[in-house]
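Observations on chain architecture
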Number of protein chains: 2
Amino acid sequence: MNPGKDEIEMILQASQEAFMESKSYSIGKRVAMMRAIAAEIEALGPELIEAAGAESNLPEGRLTGEKGRTVFQWRSYADALERGDALDASIDTANADRTPPKPDLRKTSIPLGPVAVFGASNFPFAFSTAGGDTASAFAAGCPVVVKAHPGHPKTSTLMAEAILKGVEKGGYPKGMFAHLLSNSYETGQLLVTHPVIKAVGFTGSYQGGMALVELGNNRPDPIPVFAEMGSINPVFLLSEKLKQDPEGLASAYAGSLTLGVGQFCTNPGLVVAVDGPELTSFVAALTIQIQGSVPAPMLNEGIAKNYLHNKELVTSQDGVEVVAEATSEAAQGQGKPLVARVMGAEFLHNDHLQEEVFGPFALIVSCKDNAEMEQVASRLKGQLTSSLFGTETDLSAHEKLVSQIQVKCGRILFNNFPTGVEVVKSMHHGGPFPAASDSRFTSVGADAIKRFTRPFSYQNWPDSLLPEELKDANPLGIFRTINNERTQSPVKR
Amino acid sequence: MNPGKDEIEMILQASQEAFMESKSYSIGKRVAMMRAIAAEIEALGPELIEAAGAESNLPEGRLTGEKGRTVFQWRSYADALERGDALDASIDTANADRTPPKPDLRKTSIPLGPVAVFGASNFPFAFSTAGGDTASAFAAGCPVVVKAHPGHPKTSTLMAEAILKGVEKGGYPKGMFAHLLSNSYETGQLLVTHPVIKAVGFTGSYQGGMALVELGNNRPDPIPVFAEMGSINPVFLLSEKLKQDPEGLASAYAGSLTLGVGQFCTNPGLVVAVDGPELTSFVAALTIQIQGSVPAPMLNEGIAKNYLHNKELVTSQDGVEVVAEATSEAAQGQGKPLVARVMGAEFLHNDHLQEEVFGPFALIVSCKDNAEMEQVASRLKGQLTSSLFGTETDLSAHEKLVSQIQVKCGRILFNNFPTGVEVVKSMHHGGPFPAASDSRFTSVGADAIKRFTRPFSYQNWPDSLLPEELKDANPLGIFRTINNERTQSPVKR
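What you are looking at is a predicted structure, and each value in this text was computed from that prediction instead of being measured.

**With respect to the relation of the copies chain A and chain B**
Least-squares fitting of chain A to chain B yields an RMSD of 0.0 Å, with the transformation described by 0.0 Å of translation along the axis and a rotation of 180 degrees. What we have between these two chains is a two-fold relation. In terms of proximity to the rotation axis, the leading residue of chain A is A:N217, whose C-alpha is 3.7 Å off the axis.

Here it is, written out as structure tokens:
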């Protein structure tokens, strides 16, 4: 545990060497290496699920599903790379007749350099050691150094071994990947401030994320730190929809809120609606759901303790009343679902009510009218997601609200809850600060690769020495932009 | 001059209102507004060229060319927007049969919000008030507040008037654009730290850029500050090429070095080569060129003074000898070309020799062998460009050098000088820190728009309420990625 400075130095020198060595490898080789890693992870047996179950209290079914998602991430990012999506290759051909002569310019995306990854506790596979950050950094061509989450060291070690096997099978230098078991802040600090590291991926708390962002900003050569931090994922319930089926809505909402003991970054922890009989019916139905819900073990004791503490912090604010709580007692380490309520006016002048309570906790904001609901929306901090429940008539009648909500989030949902983050190109998993440190990037879906590449232009470079994706003949057969036209054709000379 | 806090507050409130109002306008309307601005700038008569000439000492021919470039930037970014390049629209369709059901996800790019732009002195049109930052922020859909460069207030005012006319003709709210005449640091500080401002574009010095970057980072909600800062744009001369035509090379190099009195951000201020008779011939030829070159007025007295000071700073370092200087006397405010030389070993342990000397100054680094040339390359700070002069044989023989150089720059050129930055998609004008604050973005070419947008996902959103670029029917006829396939087809249901 807790590697020393010298060990970290050696590891980072190996990363840098692997970077300089591998950055000229072909796209095909990179794709094959990623697929080899996917196969190694897939081949991990019950040992992995058992280790993760013991370290995270997550049930087998969930972990098996998450393992599948993790393998899929590696494969789909490799596919995106193979299709050329991540390269954004473009060519503007020369014109010798122009005065002055127009040069030949070709642009592709190249890796930033070695990346440090800090995994999350709540997804020991999909957002940790072999998770989306590592997969997208590899797709970008960057070596990765993971600081294992101290909550699941054994799981992390098994994943690291699988990655290293895939790296070797793919013919890449061993330095492409390193795994540091550490529970010390200093290890992270050494990584983020080391000159070799050129970017950071993080998923976790606001405090943890901002500490890394500041370290990255304060280097002599600042580096991008992509931190996906907290979010309370507001759910707006509009009147016509609420009227139609308050019970159905309450039941679906309770399901999303308590899923995985509320330990998702997209957990919908805030409900906003206009007060009235429809909201009253909804709250009554939700009360029954929450009272009947069953406390379950959280990821670890620390998280359970924080849940209690943060829940208490919100419920003790002026004007907050507890609406419903699970009636079964919670054993130590378990999270007990709870729903509280506050009036819009109180919410508007108390930012504590926007603090994330990581776990199965919801706050209902009861607004006196649509104008107050709009004010609440405009007061919100940046969010990963916002959900609207309404009829199409509701949506059209709330244009201003929708416009306001959009400014505050990265993904907007219609009659759908935000838990369950699809791994597709059209997913944006990020959002305005403080949901993420940079709203211009996603941490899920193949576009996550863009966090770790930079554009690079070749001017008048000989075709024989260009990377494949920019060669006249288009040997990769990918879509490129040639003189502003999207095409799979070769360059005509 | 120097607007007060209240005035800035009013201006920024108008920006925010314009943002909330215009963000739902159609892409077509945005394109038309940009074209209206281009036409207004184009219509500016001799008054503009005269004002800019008087304020910048730049000759009429250069200014006329730069005006054309500026108009072209507006038009080409509008074209890119119309083609959908800047939107990166993608769609992943639903699958109700999957367990759980797969939602419909659609992603486009939306404006970040109001942008503050700080123009450069050296391009009073193309990198200033109506320059690339403003044009790309508008293409992104962001209102812009420009802090005019104090070196050319009249030019800036004329450009601002043209932009405002175009904004009005385009049917956009007046708050889309504001122009602040100010020579105070405080004005910039108020802009960058104001909650309404969501991004910053800057072109200028390292000190100026980093001051803004730090202001942006230290806000309660940090914002991206894209600063394009200094670069010394190294030129590597390889042996076979040097042998072929040292005189031709020296003459072309002197031309690029002294172009516009050396006041380009891509000015090639560093030459690196292996010592020997070829380099000696090159230096001899360059000496004649430089001695015969004519001092010319720099942009302003301050820049001329800094040029003298910074030149002195480099030439007074240990081991630096002056090789050649223009023989004509320089009047006050004029920049006198000068070339100095230092041995590789000295360069390697003195970072002062990498300081940018803004003006017609070059330092030749004479290396004892290829290994030392590689060391020099690896020691360099981040650069906008690096140029290699060689035969194809030279390039193949210097794989390691090329690989090293690539890590340090944003654009690499073969037998070409970096001055003259094409406005095309394949241009990357940016580079590793400190050339730019974020190497992942360019400030020239339509991809510059990406600095000011963020991805945004709609989940299960009704088609009728989606923005045009994401509607099933593809009314804009743009390329989109549908289920990972690039296509201009509508969505098949």
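Once the structure has been displayed, the description carries forward.
**Structural notes on the side chain of B:K425**
By the secondary structure assignment, B:K425 is in the loop between β16 (409–414) and β17 (453–459). The residues touching B:K425, leaving out its near neighbours within four places in the chain, are A:D88, A:S90, A:D92, A:K107, A:T481, A:N484, B:D85 and B:D447.

**What to know about the interface of chain A and chain B**
Chain A puts 73 residues into the contact, and the matching count from chain B is 73 residues. Between chain A and chain B, roughly 6,600 Å² of surface is buried when both sides are summed, and carbon and sulfur atoms account for 53% of that area. Among the residues of chain A in contact with chain B, A:S426, A:R440 and A:R486 are the three that bury the most area, contributing 12% of the side total. Remark: the boundary between chain A and chain B carries 12 salt bridges. Note that A:D85 is salt-bridged to B:R486, the shortest N-O span being 3.8 Å. The interface formed by chain A and chain B contains 54 residue pairs in polar contact (both at pLDDT 80 or more). Those elements that place two or more of their residues in the side of chain A that touches chain B are α1 (5–22), β1 (90–92), β2 (105–111), α8 (206–217), α15 (392–397), α16 (399–407), β16 (409–414) and β17 (453–459) of chain A. Here the side of chain A that touches chain B takes 7 residues from β17(A), the largest share from any one element. Here the residues of the side of chain A that touches chain B sort into 32 nonpolar, 19 polar and 22 charged.

**Comments concerning the packing of helix α4 (residues 60–83) of chain A against helix α5 (residues 132–140) of chain A**
Residues and elements named next belong to chain A. Look at α4 against α5: their axes get within 9 Å of each other, and the N-to-C directions meet at 25 degrees. The angle between α4 and α5 falls in the class roughly parallel. Every pair of crossing elements has a handedness; the one defined by α4 and α5 is right-handed. Residues Q73, W74, Y77 and L81 of α4 lie in contact with α5, whose contacting residues are G132, T134, A135, S136, F138 and A139. Among the residues forming the contact of α4 with α5, the class breakdown is 6 nonpolar, 4 polar and no charged.

**Quick look at unusual backbone geometry**
Residue and element names in this part refer to chain A. Note the cis peptide between T99 and P100, where omega equals -10 degrees. Relative to the elements of secondary structure, P100 occurs in the loop between β1 and β2. Although it is not a glycine, N415 adopts a positive phi angle of roughly 50 degrees. Turning to its location among the elements, N415 is positioned in the loop between β16 and β17. Although it is not a glycine, N474 sits at a positive phi angle of roughly 55 degrees. With respect to the helices and strands, N474 occurs in the loop between β17 and β18 (480–482). Since its relative accessible area comes to 5%, N474 is described here as buried.

**Examining helix α10 (residues 246–258) of chain A**
Here α10(A) is 13 residues long and its end C-alpha atoms lie 18 Å apart, about the 18 Å a rise of 1.5 Å per residue gives. Directly beyond the C-terminal end of α10(A), a positive phi value near 55 degrees is found at A:G260.

**Section: the sheet that holds strand β13 (residues 338–343) of chain B**
Strands sit in the order β19(A)-β18(A)-β1(A)-β2(A)-β17(A)-β16(B)-β15(B)-β8(B)-β9(B)-β14(B)-β13(B)-β11(B) across an open sheet of 12 strands; the sheet is mixed. Of all strands in the sheet, those with a lone pairing partner are β19 (485–487) of chain A together with β11 (321–325) of chain B, marking the two edges. Adjacent strand axes in the sheet meet at a mean angle of 25 degrees when their direction is disregarded.

**Considering the environment of A:Y185**
Residues and elements named next belong to chain A. Within the secondary structure layout, Y185 lies in helix α7 (residues 185–193). Taking C-alpha positions, Y185 is 30 Å from G410, a pair spaced 225 residues apart along the chain. Apart from residues lying up to four places away in sequence, Y185 is in contact with A211 and L215.

**Considerations on the state of the cysteines**
Disulfide: a covalent bond formed between the sulfur atoms of two cysteine residues. Under the counting rule described, the total for this entry stands at 0 disulfides over all chains. The thiol of A:C409 is not disulfide-bonded; the next cysteine sulfur, from A:C265, is found 14 Å away.

**Some remarks on the side chain of A:S403**
Here A:S403 lies in helix α16. Classification of A:S403 as buried rests on a relative accessible area of 18%. Beyond its immediate sequence surroundings of up to four residues, A:S403 is in contact with B:M20 and B:K23.

**Things to note about the domain arrangement of chain A**
Residue and element names in this part refer to chain A. Once the domains are mapped, chain A shows domain 1 (5–229 + 439–455 + 465–469) and domain 2 (234–414). If you average the C-alpha positions of domain 1 and of domain 2, the two centres end up 34 Å apart. Taken together, the contact pairs 9 residues of domain 1 with 10 residues of domain 2. When the buried surface of domain 1 facing domain 2 is broken down by residue, N57, N122 and E228 rank first, second and third, together holding 46% of it. Taken together, domain 1 and domain 2 are joined by 0 salt bridges. Joining domain 1 to domain 2, the criterion identifies 2 residue pairs in polar contact (both at pLDDT 80 or more). Split into classes, the residues belonging to the side of domain 1 that touches domain 2 amount to 2 nonpolar, 4 polar and 3 charged.

**What to know about a negative patch on the surface**
On the surface, a cluster of negative charge is contributed by A:E47, A:E50, A:E60 and A:E161. By secondary structure assignment, the location of A:E47 is in helix α3 (residues 46–56).

**Describing the environment of A:M229**
Residues and elements named next belong to chain A. Among the structural elements, M229 can be located in the loop between β7 (225–228) and β8 (234–237). Sequence separation of M229 and C265 is 36 residues, and the distance between their C-alpha atoms is 8.0 Å. Residues in contact with M229, not counting those within four places in the same chain, are G204, S205, Y206, G209, M210, F433, P434, A435, A436 and S437.

**Overview of empty space enclosed by the protein**
Under the criterion given, the structure shown has 12 cavities of 30 Å³ or more. Its boundaries defined by the atoms lining it, the largest cavity holds a volume of some 540 Å³. Along the wall of the largest cavity there are 29 residues; nearest its centre are A:F441, A:K450, B:D88, B:F441 and B:K450. Taken together, the elements giving at least two residues each to the lining of the largest cavity come down to β2 and β17 of chain A together with β2 (105–111) and β17 of chain B. A class-by-class count of the residues in the lining of the largest cavity yields 8 nonpolar, 8 polar and 13 charged.

**Notes on the sheet that holds strand β15 (residues 383–389) of chain A**
Reading across from one edge, β11(A)-β13(A)-β14(A)-β9(A)-β8(A)-β15(A)-β16(A)-β17(B)-β2(B)-β1(B)-β18(B)-β19(B) is the order of the 12 strands in this open sheet, with mixed pairing throughout. Because the sheet does not close on itself, it has two edges, and the strands there are β11 (321–325) of chain A together with β19 (485–487) of chain B. With direction set aside, neighbouring strand axes in the sheet form an average angle of 25 degrees. When strand β13 (residues 338–343) of chain A meets strand β14 (residues 361–367) of chain A, the two strands line up parallel, connected through 6 bridges. Across the sheet, the residue bridging to A:V342 is A:V365, located in β14(A). Docked against the sheet, helix α12 (residues 301–315) of chain A engages β11, β13 and β14 of chain A, running at close to 15 degrees with respect to β14(A). Set on the sheet, α16(A) makes contact with β8, β15 and β16 of chain A together with β2 and β17 of chain B; between it and β16(A) the angle comes to about 140 degrees.

The rules we used
Residues numbered from 1 in each chain as written. Chains lettered and ligands numbered in written order. Predicted model: local features only at pLDDT ≥ 70, side-chain atom pairs only at ≥ 80, totals over all residues. Heavy atoms only, no water. Least-squares fit on C-alpha atoms with pLDDT ≥ 70 in both. Helix = DSSP H or I, 4+ residues; strand = E, 2+ residues; numbered from the N terminus. Contact = heavy atoms within 4.5 Å. Buried area = accessible area lost by both parts, 1.4 Å probe. Salt bridge = Lys/Arg side-chain N within 4 Å of Asp/Glu carboxyl O. Polar contact = N/O pair within 3.5 Å; in protein donor to acceptor, adjacent residues only side chain to side chain. Nonpolar A, V, L, I, M, F, W, Y, C, P; charged D, E, K, R; others polar. Axes fitted to C-alpha atoms, helices over the stretch in contact; angles between N-to-C directions. Parallel < 35°, antiparallel > 145°, perpendicular 65-115°, else oblique. Left-handed = near helix turned anticlockwise from the far one by under 90°. Buried < 20%, exposed > 50% of the residue type's maximum accessible area, 1.4 Å probe, protein only. Expected span 1.5 Å × (residues − 1). Pairing = 2+ DSSP bridges. Disulfide = S-S within 2.5 Å. Domains from an automatic or database assignment. Patch = residues over 30% accessible without salt bridge, like charges linked within 9 Å, V, L, I, M, F, W, Y side chains within 5 Å. Areas by Shrake-Rupley, 256 points an atom, 1.4 Å probe, with all protein chains shown as cover. Lys, Arg positive; Asp, Glu negative; His and termini not counted. Charge placed at Lys NZ, Arg CZ, Asp CG, Glu CD. 1 Å grid on protein atoms, 1.4 Å probe; cavity = no way out; pocket = protein on both sides within 12 Å on 5 of 7 lines; lining within 4 Å. Points joined across faces, edges and corners; volume = space filled by probe spheres on them.

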